[in-house]
Amino acid sequence: MNSQSNIVTALYCRLSRDDDVQGDSNSISNQKKLLAKYAKEYGFSNTKYFVDDGYTGTNFNRPGFTEMVEAIEAGYIGAVMVKDMSRLGRDYLQVEMFTDKFFPEHDIRFIAVNDGVDSAEGDNEFAPFRNIMNEWYARDISRKIRSAHRLRGNAGVPLSKPPYGYTKDPENPRYWIVDEEAAQVVRYIYKLCIDGVSEYRIADHLEKQKILTPTEYWRSKGIRRSGKKGGAYKDSPYYWCKTTINKILNAREYMGDVVNFKTFSKSFKDKRRFENPEENQLIFEDVHEPIIDRQTWEMVQRTRQGNKRRQPKKVDKNMFSGLLYCAGCGRKLHFNVNHPHTEIQYFNCSNYRGNRGTCNDTHYIRADALEQVMLLELRRMTAFLQDKEEDFVKLLMSKFMQEAVKESKRREQELRAMLARSNELDALFSKTYEDNASGKLSDERYMMITKRCDDEQLALKKKIAAVQAAIDEEQRSKDSAATFLRTVKKYTNIEELTPTILNELVEKIVVHQAEGVGKGRTQQLDIYYNFIGILDTPEVAALPASVTLDTRQGVAVEYITRKAG
């Protein structure tokens, strides 16, 4: 063999997670030893390692391989050596592209040691078959992994790594336990959101307090997790981005749930992950210890859902944004600022026909009026609680039970009807099968009827699962009245209305169009409290019955809160 000392020989090593099942024979260290020994024996003295540890062979988007290709194109490499063909890759079309086209075009000698392939000795007739077998192997491994993945996922075992705030249980790595240090940050993020702070401002708060980002936090604990170091614009371990905050506020896992099959891949060759539709995901509730209670998480979702519209420039987000709904069309009311009188802030229907919508009225209401009305209503409620707590609890329980029983009956009736229809479809399928077997029904008609039954039954199963989940949720929510009572007790002396108070107590406010003229105008507001709905609290002698404001010269509006009927 001629000496190869005048060229650089690339010793390429690759190991994927799937290759671990074969033991140590494919380890990076063993590959290096084998290639170094072969290079020394055959006179390849000028060598350089290119390594991809943990990268699949089904695609060629690997950092070590990319670096080697760039070196080849630059003319630095004269030979490429691998342990066997599978180390180069498991996509036989791509492998053949490199061995039959790319390497020859760049005058590269290719050697696969264990497979006896050496391009200097001419074509190897068995190489194409080995490439096909390597791809079949990758396909088979992928199928087995997907099957095991599906079994674990259906059993409620978390398929993803623990999110920020959790860590694997040392005694049982399949389950998560709370990482209290990170969990405190998660709770702080949720509290800021309830306080009305935007995602961008939350990120800014965390950075100013020098709280490590999740990636940097895991790195500081010696945990290997994916993620960029620092932020997009700052090389700082404290630079939180809005996307991270959004992900934390969206995650159901913080309620103690496990969400499986959130993403999927289209092929074993394509490692990209795609979002799975919600109906294809599986949710297992109360699997691990929650960091955020369910009521708080749902409150945050409602708050964020209403704050997606960009706020007017140079004006802070209003605390009522996302809580106001139009009584006419049901759409949200949008926050606006009067120009040039920027001290006048107001809401109106986002679907008003004057703004190319379909709602006939603006449902205009000023922000300062809303604040005074809500402050009065909450003071009236807390005063009633302080003076007659027993009566307040009775009112709360009767209201809650009235709403819950009505909704529960409706859902149970719906569930019974769907279960009955499902049984009918089972009976119809059995009869159709018997008729087809006896010759009374043609195969064509049989296939048409069974397909229609299957489609309807599949749709029914989804609806039954949804209704059953709602009934289960009602069972969990039986303590909602007590939760609301505890929340009200926290705010018995309200001096000023804050976003925290508002979001913890109020679910939504339905705004009606103002009626009347001049000083006799009135406007009705329906206030829906969290877990309870509309609550009819009695008048308190020390407090006014309603709020009346002069909205402009010669015009005054009395704001009337609806009483539960």
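Cut-offs used in this document
- Residue indices follow the written sequence of each chain, beginning from 1 at its first position.
- With the structure being a predicted model, the display of local features is reserved for residues of pLDDT at least 70 and the display and counting of side-chain atom pairs for 80 or more, all residues being used for whole-chain, interface and lining totals.
- Side-chain measures here rest on the full set of heavy atoms in the structure, leaving out hydrogens and waters.
- Only DSSP runs of H or I with at least four residues qualify as helices, and only runs of E with at least two residues qualify as strands; both kinds are numbered from the N terminus onward.
- Burial here depends on accessible area, computed with a 1.4 Å probe over protein chains only, as a share of the maximum for the residue type. Under 20% is buried, over 50% is exposed, and the range in between is partly exposed.
- A contact between two residues is defined here by any heavy atoms of the two lying within 4.5 Å.
- Per-residue and other accessible areas follow the Shrake-Rupley method at a 1.4 Å probe size, with only the shown protein chains counted as cover for residues.
- Think of each axis as a best-fit line through the C-alpha atoms, taken over the contacting stretch in the case of a helix, with angles from 0 to 180 degrees between the N-to-C directions.
- Any angle between 65 and 115 degrees counts as roughly perpendicular, while under 35 counts as roughly parallel, over 145 as roughly antiparallel, and the rest as oblique.
- Under the convention used throughout, the expected extent of a helix is 1.5 Å for every residue step, that is, one less than its residue count.
- Think of a polar contact as two N or O atoms within 3.5 Å of one another; within protein, one of them needs to be a possible hydrogen donor and the other a possible acceptor, and neighboring residues in sequence only count if both atoms come from side chains.
- At least two bridges found by DSSP between two strands is the condition for calling them paired.
- Working definition: a ring pair exists when centres of Phe, Tyr or Trp rings (six-membered ring for Trp) sit within 6.5 Å. Plane angles under 30 degrees give stacked, over 60 give edge-to-face, the rest tilted.
- The rule for a charge over a ring is simple: NZ of Lys or CZ of Arg within 6 Å of the ring centre, and within 35 degrees of the ring normal.
- The quantity called pLDDT is the predictor's confidence in a given residue, expressed from 0 to 100.
- Note on residue categories: nonpolar means Ala, Val, Leu, Ile, Met, Phe, Trp, Tyr, Cys or Pro, charged means Asp, Glu, Lys or Arg, and polar means any other residue, Gly included.
- By salt bridge we mean one thing: a side-chain nitrogen of Lys or Arg within 4 Å of a carboxyl oxygen of Asp or Glu.

Kindly report on the overall build of the chain, identifying the contributing residues and their values.
A tally of helices and strands in the chain yields 15 helices and 19 strands. Considering the chain as a whole, with its 565 residues, one finds that 43% of them fall into the buried category. Counting only contacts in the chain whose residues sit at least 6 apart along the sequence, the fraction spanning at least 24 positions is 65%. When the accessible area of the chain is evaluated, it comes to approximately 32,100 Å², of which 49% is carbon and sulfur surface.

Please set out the environment of Ala482 residue by residue, giving values where relevant.
Along the polypeptide, Ala482 turns up in helix α14 (residues 480-490). Relative accessible area serves as the criterion here: at 34%, Ala482 is assigned to the partly exposed category. Placed 49 residues apart in sequence, Ala482 and Phe531 show a C-alpha to C-alpha distance of 9.9 Å.

Before we move on, could you go through the packing of helix α7 (residues 199-208) against helix α9 (residues 242-250) and cite the residues and values that matter?
One can describe the packing of α7 onto α9 by two numbers: an axis separation of 8 Å at closest approach and a directional angle of 105°. Judged on the interaxial angle alone, α9 and α7 are roughly perpendicular. Note on element contacts: α9 touches α7 through Lys242, Ile245, Asn246 and Leu249, opposite Glu199, Tyr200, Ile202, Ala203 and Leu206.

Can you tell me about unusual backbone geometry, naming the residues and giving the values?
In this structure, Asp107 takes a positive phi of about 55° despite not being glycine. Relative to the helices and strands, Asp107 is located in the loop between α4 (92-105) and β4 (109-112). At Lys210, a residue that is not glycine, the phi angle is positive and equals roughly 55°. Tracing the backbone shows Lys210 in the loop between α7 and α8 (214-220).

A description of helix α10 (residues 294-305) should follow, citing residues and the corresponding values.
Because the α-helix completes a turn every 3.6 residues, residues three or four places apart line up on one side. For α10, spanning 12 residues, the distance from its first C-alpha to its last is 17 Å, which sits close to the expected 16 Å at 1.5 Å a residue. Across the 12 residues that make up α10, a large majority, 9, are buried. Along α10, the residues that are buried comprise Arg294, Gln295, Thr296, Trp297, Met299, Val300, Gln301, Thr303 and Arg304. The N-terminus of α10 is capped by Asp293, whose side-chain oxygen sits 3.2 Å from the backbone nitrogen of Gln295.

Which residues make up the sheet that holds β4, and what values do they have?
Pairing is mixed in the open sheet, where 5 strands are placed in the order β2-β1-β3-β4-β5. The outermost strands of the open sheet, each flanked by one partner alone, are β2 (47-53) and β5 (117-118). In this sheet, β4 lies alongside strand β3 (residues 77-82) in parallel orientation, the contact comprising 4 bridges. Opposite Ala79, over in β4, you have Arg109 as the bridge partner. With respect to the sheet, helix α2 (residues 63-73) is in contact with β1 (8-15), β2 and β3, its orientation differing from that of β2 by roughly 145°.

Break down the packing of aromatic side chains for me, citing the residues and quoting the values.
One pass over the full model with this rule turns up 19 aromatic pairs. Pairing Phe98 with Phe103 gives two aromatic rings, centres 6.1 Å apart and planes at 50°, and the pair type is tilted. Looking at Phe103, the relative accessible area reads 1%, which means it is buried. Seen in terms of ring centroids, Tyr164 and Tyr217 are 5.7 Å apart; in terms of plane orientation they differ by 90°. Their pairing is edge-to-face. With Tyr164 in the loop between α5 (127-154) and β6 (166-169) and Tyr217 in helix α8, this residue pair connects regions lying 53 residues apart in the sequence. The same class applies to Tyr164 as to Tyr217, namely buried. Ring pairs connect the aromatic residues Tyr12, Phe60, Phe65, Phe98, Phe102, Phe103 and Phe110, which therefore count as one cluster. When the ring centre of Tyr49 is taken as reference, the NZ or CZ atom of Lys32 above it lies at 5.2 Å. Above the face of the Phe60 ring, Arg62 is positioned so that its terminal group lies 4.5 Å from the ring centre.

How would you summarise the confidence of the model for the chain if you had to cite specific residues and measurements?
Residues of the chain with pLDDT of at least 70 account for 83%, and the chain-wide mean is 81. Predicted confidence is poor over residues 1-5, with pLDDT under 50, and the contacts of this stretch with residues over four places away or in other chains come to 10 contacts.

Give a description of the packing of α9 against α10 that names residues and reports values.
Between α9 and α10, the shortest axis-to-axis distance is 10 Å and the interhelical angle comes to 130°. Classed by the angle they form, the pair α9 and α10 counts as oblique. Where α9 abuts α10, its residues Asn246, Leu249 and Asn250 lie against Trp297, Val300, Gln301 and Arg304. Classifying every residue of the contact of α9 with α10 by side-chain character gives 3 nonpolar, 3 polar and 1 charged.

Which residues make up the sheet that holds strand β12 (residues 324-326), and what values do they have?
Strand order in this open sheet of 5 strands is β12-β16-β17-β19-β18, and the pairing throughout is mixed. Strands with a single pairing partner mark the edges of an open sheet, and in this sheet they are β12 and β18 (547-552). Neighbouring strand axes in the sheet, compared pairwise and without regard to direction, differ in orientation by 30° on average. In terms of strand pairing, β18 meets strand β19 (residues 555-561) through 5 bridges, oriented antiparallel. Along β19, the bridge assignment pairs Thr548 with Glu558.

Explain the pattern of salt bridges to me, and be specific about the residues and the numbers.
Considering all chains together, one arrives at 23 salt bridges under this definition. Linking Arg87 and Asp84 is a salt bridge whose minimum nitrogen-to-oxygen distance equals 3.7 Å. On the basis of relative accessible area, Arg87 is assigned to the buried category, the value being 0%. The salt bridge partner of Glu181 is Lys221, with a shortest N-O separation of 3.0 Å. Placement of Glu181 in helix α6 (residues 180-194) and of Lys221 in the loop between α8 and α9 is noted, with a sequence separation of 40 residues between them. On the basis of relative accessible area, Glu181 is assigned to the partly exposed category, the value being 46%. Bridged by salt links that share partners, the residues Arg252, Asp257, Glu285, Asp286 and Arg294 form one connected network.

Explain the pairing of β6 to me, using residue names and the numbers behind them.
Looking along a regular strand, one sees the side chains alternate between the two faces of the sheet. Sheet analysis places β6 next to strand β7 (residues 172-178), joined by 4 bridges and oriented antiparallel. Following the sheet pairing, Asp169 is matched in β7 by Asn172. Between the end of β6 and the start of β7, which pair antiparallel, lie 2 residues.

Lay out the environment of Val467 with the relevant residues and their values.
Checked against the element boundaries, Val467 lands in helix α13 (residues 443-476). Sequence separation between Val467 and Glu412 is 55 residues; the distance between their C-alpha atoms is 8.3 Å. For Val467, the residues in contact, after removing those within four places along its chain, are Arg411, Glu414, Leu415 and Met418.

Which residues make up the side chain of Ser422, and what values do they have?
Take Ser422: it is sitting in helix α12 (residues 389-438). Among residues more than four places away in sequence, those in contact with Ser422 are Gln457 and Leu460.

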